[in-house]
Amino acid sequence: MRSVVDLLTSSEPWLQYALRLNLLHEPNKNLVSLRSGLLTDPKIMGLLSDVNDYHAMIVSGHKNPDLPIHKLLFLLDLGLDTHVPEIKHAIDAILEHKDLNGVYQSAVNLPAHFGGSNENTFGWALCDAPLLLNALIEAKVDYVKLIKPGVDYLVSLNRNNGFPCAVSTELGKWRGPGKKDDGCPYATLSMLKLLLATPDYSATNLPYNLAINLLELWETSLASHPYMFFMGTDFRKLKAPMIWYDVVSVCDALSEVKGIKEDMRFKEMIAIIRDKQDSDGMFTPESVYLKCKEWDFGQKNTPSPYLTYLIIRIMDRIEK
């Protein structure tokens, strides 16, 4: 595996900051100059501008890197926080819209034939509600007062086969293309990532149970495709950022679950990733989001420092 120090030499300032903060665990006081520099990076400035006007985009699908929640989580994962004004504005905007169960809402517009109003409103689906709560946790919002009620409500939706395709009342009868009794793999993955970040659920058996739900889908991937989520050829392609349901995103979550790293199914997934490392220790995207073409992970034929960083982080967890 390529070393973090080696990766630093081929990385842009925004990734250098993440590497030094998150993998080398350097104190923030040593990174002030680097942080200032990355905040003037044109690509980072573009993301900050987009999240600053957080609810400007109607959420009509979740496999879209342009969604403000995906951009916000990317920035928070790098190590930025609410000391950045645009991130503070985004977090405040999320906090403004919440239902009676404590679940935060996105800007949506559901057609009448799904039971909607054809008008812009606020609601949530289990595709995005966990992401908003996760962003609030990453931003260090008061957990007990502002986050826990929504997490508790979403946890109450769990079933033996994972989390279902569930939506708020504003979204009427809408649900994804599948049997309503099936668990939704993406909702299950999103909830797993959320629960791993919580102070009260991370140490329970629930993350392990959700991990097993995902590993059982891997084991039966030739026959089981709930809600049209496959674990076939496209799933196994290396891809970043981690906004959807693919091998890097799933392994990233599973690598944080206690008791999973020795599971043979997980080892099979990790082996698929390892086998794609080049002679320089780098990883190249095999599939890309066209909207990310300006980033190093938006190029199919070029090794990606950011994708390599994500994979180093996964391997660092499982090798401890």
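In this text, all values refer to a predicted model and were calculated from it rather than measured experimentally.

**Concerning the overall build of the protein**
1) Next: On a plain count of helices and strands, the protein comes out with 13 helices and two strands.
2) Next: A compact globule built from 320 residues would reach a C-alpha radius of gyration of about 20 Å, and the protein, at 19 Å, matches this within 12%.
3) Next: Reported as C-alpha extents along the three principal axes, the dimensions of the protein are approximately 55 × 45 × 35 Å.
4) Next: Burial analysis of the protein (320 residues in total) assigns 54% to the buried set.
5) Next: Counting every atom, the protein has about 14600 Å² of accessible surface; 52% of that belongs to carbon and sulfur.
6) Next: Both charge centroids of the protein, one from 33 positive and one from 39 negative side chains, sit 2 Å from each other.

**Some thoughts on the side chain of Asp41**
1) Next: Structurally, the position occupied by Asp41 is in the loop between helix H3 (32-38) and helix H4 (42-52).
2) Next: Look at Asp41: it is buried, it has no salt bridge, and the nearest opposite charge is Lys43 at 4.3 Å.
3) Next: A polar side-chain atom of Asp41 sits 2.8 Å from the main-chain amide nitrogen of Lys43.
4) Next: Other than its neighbours up to four places away in sequence, Asp41 contacts Glu12 and Trp14.

**Thoughts on the pattern of salt bridges**
1) Next: This model, assessed by the stated rule, comprises 19 salt bridges.
2) Next: Close ionic contact of Glu12 with Lys43 constitutes a salt bridge, the shortest N to O distance being 2.8 Å. Residue Glu12 is found in the loop between helix H1 (4-8) and helix H2 (13-23), and its partner Lys43 is found in helix H4; the two are separated by 31 residues along the sequence.
3) Next: For Lys43, a relative accessible area of 16% puts it in the buried group.
4) Next: Between Arg317 and Asp252 there is a salt bridge whose closest N-O contact spans 3.0 Å. Here Asp252 lies in helix H11 (residues 247-254) and Arg317 lies in helix H13 (residues 305-318), a separation of 65 residues in the sequence.

**Comments concerning H13**
1) Next: Compared with the 20 Å implied by 1.5 Å per residue over 14 residues, the 20 Å span of H13 between its first and last C-alpha is a close match.
2) Next: Summarising the contacts, the buried residues of H13 are in contact with H1, H2, helix H5 (68-78), H11 and helix H12 (264-274).

**Some words on the packing of aromatic side chains**
1) Next: Per the counting criterion, the structure on display carries 16 aromatic pairs.
2) Next: Taking the centre distance of 6.2 Å and the plane angle of 45° together, the rings of Trp218 and Phe235 count as tilted. Taken together, the residues Trp218 in helix H10 (residues 206-219) and Phe235 in the loop between H10 and H11 connect sequence positions 17 residues apart.
3) Next: Here a set of aromatic residues connected by ring pairs shows up, and it is made of Trp14, Phe74, Trp295, Phe297, Tyr306 and Tyr309.
4) Next: The side chain of Lys43 reaches across the aromatic face of Trp295, ending 5.3 Å from its centre.
5) Next: The side chain of Lys239 reaches across the aromatic face of Tyr289, ending 3.9 Å from its centre.

**Considering the environment of Glu119**
1) Next: Within the secondary structure, Glu119 sits in the loop between strand E1 (106-108) and strand E2 (121-123).
2) Next: It is 39 Å that separates the C-alpha atoms of Glu119 and Ala223, two residues lying 104 residues apart in sequence.
3) Next: Residues within four places of Glu119 in sequence aside, it is in contact with Val108 and Asn109.

**What to know about unusual backbone geometry**
1) Next: A cis amide bond links Ala240 to the next residue, Pro241, at an omega of 0°.
2) Next: If you trace the backbone, Pro241 turns up in the loop between H10 and H11.
3) Next: The phi dihedral of Tyr227 is positive, around 55°, even though this residue is not glycine.
4) Next: Overall, Tyr227 belongs to the buried group, its relative accessible area being 5%.

**Considering the environment of Arg20**
1) Next: Considering the arrangement of structural elements, one finds Arg20 in helix H2.
2) Next: On a C-alpha basis, the gap between Arg20 and Gly79 in space is 10.0 Å, while along the polypeptide they are 59 residues apart.
3) Next: For Arg20, the residues in contact, after removing those within four places along its chain, are Leu8, His25, Glu26, Asn30, Leu31 and Leu34.

**Considering the nonpolar core**
1) Next: Ranked by size, the top nonpolar core spans 116 residues in total, and within it Trp14, Leu72, Tyr245, Leu254 and Tyr306 carry the most contacts.
2) Next: Residue contributions to this core peak at nine residues, all from H13.
3) Next: The contact partners of Leu254, leaving out residues within four places of it in the chain, are Leu192, Ala211, Leu214, Leu215, Ile260, Phe266 and Met269.

**Considerations on the packing of H2 against H5**
1) Next: Following both chains from N to C, one finds H2 and H5 inclined at 55°, their axes separated by 8 Å at the closest point. Between H2 and H5, the angle falls in the class oblique. Along its contact with H2, which presents Trp14, Tyr17, Ala18, Leu21 and Asn22, the element H5 presents Phe74, Asp77 and Leu78.
2) Next: Split by residue class, the contact of H2 with H5 holds six nonpolar, one polar and one charged.

Cut-off values and rules
- Residues numbered from 1 in each chain as written.
- Predicted model: local features only at pLDDT ≥ 70, side-chain atom pairs only at ≥ 80, totals over all residues.
- Heavy atoms only, no water.
- Helix = DSSP H or I, 4+ residues; strand = E, 2+ residues; numbered from the N terminus.
- Rg over C-alpha atoms; globule rule 2.2 N^0.38 Å.
- Buried < 20%, exposed > 50% of the residue type's maximum accessible area, 1.4 Å probe, protein only.
- Areas by Shrake-Rupley, 256 points an atom, 1.4 Å probe, with all protein chains shown as cover.
- Lys, Arg positive; Asp, Glu negative; His and termini not counted.
- Charge placed at Lys NZ, Arg CZ, Asp CG, Glu CD.
- Salt bridge = Lys/Arg side-chain N within 4 Å of Asp/Glu carboxyl O.
- Polar contact = N/O pair within 3.5 Å; in protein donor to acceptor, adjacent residues only side chain to side chain.
- Contact = heavy atoms within 4.5 Å.
- Expected span 1.5 Å × (residues − 1).
- Phe/Tyr/Trp six-rings, centres within 6.5 Å; stacked < 30°, edge-to-face > 60°.
- Lys NZ or Arg CZ within 6 Å of the ring centre and 35° of its normal.
- Core = buried A, V, L, I, M, F, W, Y, C linked by side-chain atoms within 4.5 Å.
- Axes fitted to C-alpha atoms, helices over the stretch in contact; angles between N-to-C directions.
- Parallel < 35°, antiparallel > 145°, perpendicular 65-115°, else oblique.
- Nonpolar A, V, L, I, M, F, W, Y, C, P; charged D, E, K, R; others polar.

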